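# Tertiary structure, described
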Amino acid sequence: YQAAALYHYAKSYNNGRALEIGTAYGYSCFYLAYAMPDSQITTLNTSEDEIQAAKGTLSSFPNVEILHKVSWEYLEGNNAFYNFIFVDGDHKRVKQDFPYFNRLEIGGLMLFHDYSPLGSGRPCPPVYEAVNDLAKHLNRKPDVLIVDNDDVGMAGFVRQRGECI
């Protein structure tokens, strides 16, 4: 269901620019690329083995660029703005990806994977707590909240005019 949700939300941002933080084997980026065929998609990963596997998974998508980069280092040398950002990288350091919110176009979506509390079917407290902290900082609830019966899910924010982190 999460891949279908990712596809659904990404599709409305086609013709834009997307960033995925955390390629792994390319599964989620496959759905991004399928939903956004007219977009430039950059996906970041730090594992060379995973990158090689992802290249196979994503070989039919010429609009996807796979980079061997740490997200916060990539941010320093990159001035691009994005319409869609999918965060599924280093869960323990997810707050280091928050500055990408400032690189969202107004109306763009930053979606976090593994929004799952302790006690859920697949707990990921660092992401769950970080996203809740972001909601407090923005003084609003997530615009996108998809949680299953096991409390496993995704949460995201659409950037509003004047919002910065």
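We now turn to the structure provided with this report. It should be emphasised that the depicted structure is a prediction, and the values quoted were computed from it without experimental measurement. In this convention, every chain numbers its residues from 1, walking through the sequence in written order. With pLDDT at 70 or above as the cut-off, local features in this predicted model cover only qualifying residues; side-chain atom pairs require 80 or more to be listed or tallied, and sums for whole chains, interfaces and linings still use all residues. To get the side-chain values, all heavy atoms of the structure are used, and hydrogens and water are removed first.

### Focus: the overall build of the protein chain
Scanning the protein chain for helices and strands turns up 5 helices and 7 strands. Secondary structure elements of the protein chain occur, N-terminal to C-terminal, as α-β-α-β-α-β-α-β-β-α-β-β. Computed over its C-alpha atoms, the radius of gyration of the protein chain comes to 15 Å, within 12% of the 15 Å expected for a compact globule of 165 residues. Expressed as lengths along the three principal axes of its C-alpha atoms, the size of the protein chain is roughly 40 × 35 × 30 Å. Throughout this description, buried means an accessible area under 20% of the type-specific maximum (1.4 Å probe, protein chains only), exposed means over 50%, and partly exposed covers the range between. Within the protein chain, the fraction of its 165 residues that count as buried is 49%. Long-range pairs, those at least 24 residues apart, make up 63% of the contacts in the protein chain with a sequence separation of at least 6. Strands are runs of DSSP state E lasting at least two residues, helices are runs of H or I lasting at least four, and both sets are numbered from the N terminus onward. Only the C-alpha atoms count toward the radius of gyration. The rule for a globule is 2.2 Å times the residue count to the power 0.38. Throughout, a contact is declared for two residues whenever any of their heavy atoms are within 4.5 Å.

### A few points about the side chain of threonine 23
Looking at the element boundaries, threonine 23 is found in the loop between strand E1 (17-21) and helix H2 (27-35). Counted as a polar contact is a pair of N or O atoms within 3.5 Å, where, for protein atoms, one must be capable of donating a hydrogen and the other of accepting one, and residues adjacent in sequence contribute only when both atoms are in side chains. Side-chain polar atoms of threonine 23 contact the side chain of threonine 43, separated by 2.5 Å. The contact partners of threonine 23, leaving out residues within four places of it in the chain, are Thr43, Leu44, Asn45 and Ala54.

### Looking at helix H1 (residues 2-11)
Buried within H1 we find Gln2, Ala3, Ala5, Leu6 and Ala10. Down the axis, H1 shows its buried residues gathered within 160° of arc, on one side only. Exposed and facing more than 90 degrees away from the buried side of H1 are Ala4 and His8. Looking at the buried positions of H1, the neighbouring elements they touch are H2, strand E4 (82-87), strand E5 (104-112), strand E6 (144-147) and strand E7 (153-158). Summarising the geometry, the arc corresponds to the directions from the helix axis toward the C-beta atoms.

### A look at the pattern of salt bridges
Between Lys or Arg on one side and Asp or Glu on the other, a salt bridge is scored when a side-chain nitrogen of the former is within 4 Å of a carboxyl oxygen of the latter. Under the criterion given, the structure shown has 4 salt bridges. We note a salt bridge from arginine 140 to aspartate 143, for which the minimum N-O separation is 2.5 Å. In this structure, arginine 140 and glutamate 163 form a salt bridge, with 2.7 Å as the shortest nitrogen-oxygen distance. In this pair, arginine 140 is assigned in the loop between helix H5 (125-138) and E6 and glutamate 163 in the segment after E7, connecting sequence segments 23 residues apart. Both residues of the pair, arginine 140 and glutamate 163, count as buried. Shared partners join several salt bridges into a network, and the residues in it are Arg140, Asp143 and Glu163.

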